[in-house]
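Reading the structure
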Amino acid sequence: GTDDWVLAPGVLSGLSGTDVTLEAWIYTSAHPWANSVPHIVTGGAENNYRLSLTGGGTDGRIMWRLEIGGQIESAIYPPSAFPANQWVHLAGTYDGAIMRLFVNAVEVANHVASGPADAASDLEIGGWNSGENAFFDGQIDGVQVWNHARFAIEICGDAGGTWVGSNTTGGCVY
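Note that the structure is a prediction, hence the values are computed from the model and not measured.

So, about the overall build of the protein chain. The helix and strand inventory of the protein chain stands at one helix and 13 strands. Seen in sequence order, the protein chain has helices and strands lined up from the N terminus as β-β-β-β-β-β-β-β-β-β-β-α-β-β. A buried classification covers 44% of the 174 residues belonging to the protein chain. Counting only carbon and sulfur atoms, one obtains 50% of the accessible surface of the protein chain, whose full area is about 7,700 Å².

Written out as structure tokens, the structure is:
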């Protein structure tokens, strides 16, 4: 939808803040968010955990954002062409030292950060209704929250691929 969202109370309350993975499948028809930040998966009213799209570049950007000690930390990927009209798997991981953003099981951005992410309790899917009304225009499926930073090989399986090669030098193929 264009302004539909789901609130899942308390889903994030068990996260340690230093080990987390958020994953989701998204489908959107275009780059309609030039002046907004449509949230895909958000850490509730606190907005401390977030997978979202954001304006910028020629075709928008994909962002994995955490708030750590009151500071915003982000891993941002500006694709040369946003993958419209197809299902795309997104994952953001954080292991207490590095934030990693994956698109279709390929690490496309990372950012060094340290310390636990600020606490959040509720999970919002499809929007952040706390002030911005930042709704995602498209479809979202397969949202997963993990209390550990998943490895690329694990994310590959969730994205429907097969891992080829070793754990450290392999890659995901479809």
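Under the counting rule described, the total for this entry stands at one disulfide. Paired by a disulfide, cysteine 156 and cysteine 172 hold their sulfur atoms 2.1 Å apart. Because the torsion about its S-S bond is 80°, the bridge between cysteine 156 and cysteine 172 counts as right-handed. Taken as a pair, cysteine 156 in helix H1 (residues 152–158) and cysteine 172 in strand S13 (residues 171–173) lie far apart in primary sequence, 16 residues in all. With a relative accessible area of 1%, cysteine 156 lands in the buried category.

Bringing the packing of aromatic side chains into the picture now. All chains considered together, the criterion is met by one aromatic pair. An angle of 50° between the planes, with centres 5.6 Å apart, marks the rings of tyrosine 27 and tryptophan 87 as tilted. Of this pair, tyrosine 27 sits in strand S2 (residues 20–27) while tryptophan 87 is found in the loop between strand S6 (71–77) and strand S7 (88–94), placing the two residues 60 residues apart along the sequence. Taking relative accessible area as the criterion, tyrosine 27 reaches 25% and is therefore assigned partly exposed. A relative accessible area of 36% places tryptophan 87 in the partly exposed class.

Strand pairing within a sheet occurs via backbone hydrogen bonds; the two strands may be parallel or antiparallel. With antiparallel pairing, five strands are arranged side by side in an open sheet as S9-S8-S7-S2-S11. One side of each edge strand has no neighbouring strand; the edge strands of this open sheet are strand S9 (106–112) and strand S11 (139–146). Strand-to-strand twist of the sheet, defined as the mean angle between neighbouring strand axes without regard to direction, takes the value 15°. Inspection of the sheet shows S2 paired to S11 by six bridges, in the antiparallel sense. Residue pairing across strands places tyrosine 27 opposite glutamine 139, the latter belonging to S11.

Basis of the calculations
- Residues numbered from 1 in each chain as written.
- Predicted model: local features only at pLDDT ≥ 70, side-chain atom pairs only at ≥ 80, totals over all residues.
- Heavy atoms only, no water.
- Helix = DSSP H or I, 4+ residues; strand = E, 2+ residues; numbered from the N terminus.
- Buried < 20%, exposed > 50% of the residue type's maximum accessible area, 1.4 Å probe, protein only.
- Areas by Shrake-Rupley, 256 points an atom, 1.4 Å probe, with all protein chains shown as cover.
- Disulfide = S-S within 2.5 Å.
- Phe/Tyr/Trp six-rings, centres within 6.5 Å; stacked < 30°, edge-to-face > 60°.
- Pairing = 2+ DSSP bridges.
- Axes fitted to C-alpha atoms, helices over the stretch in contact; angles between N-to-C directions.

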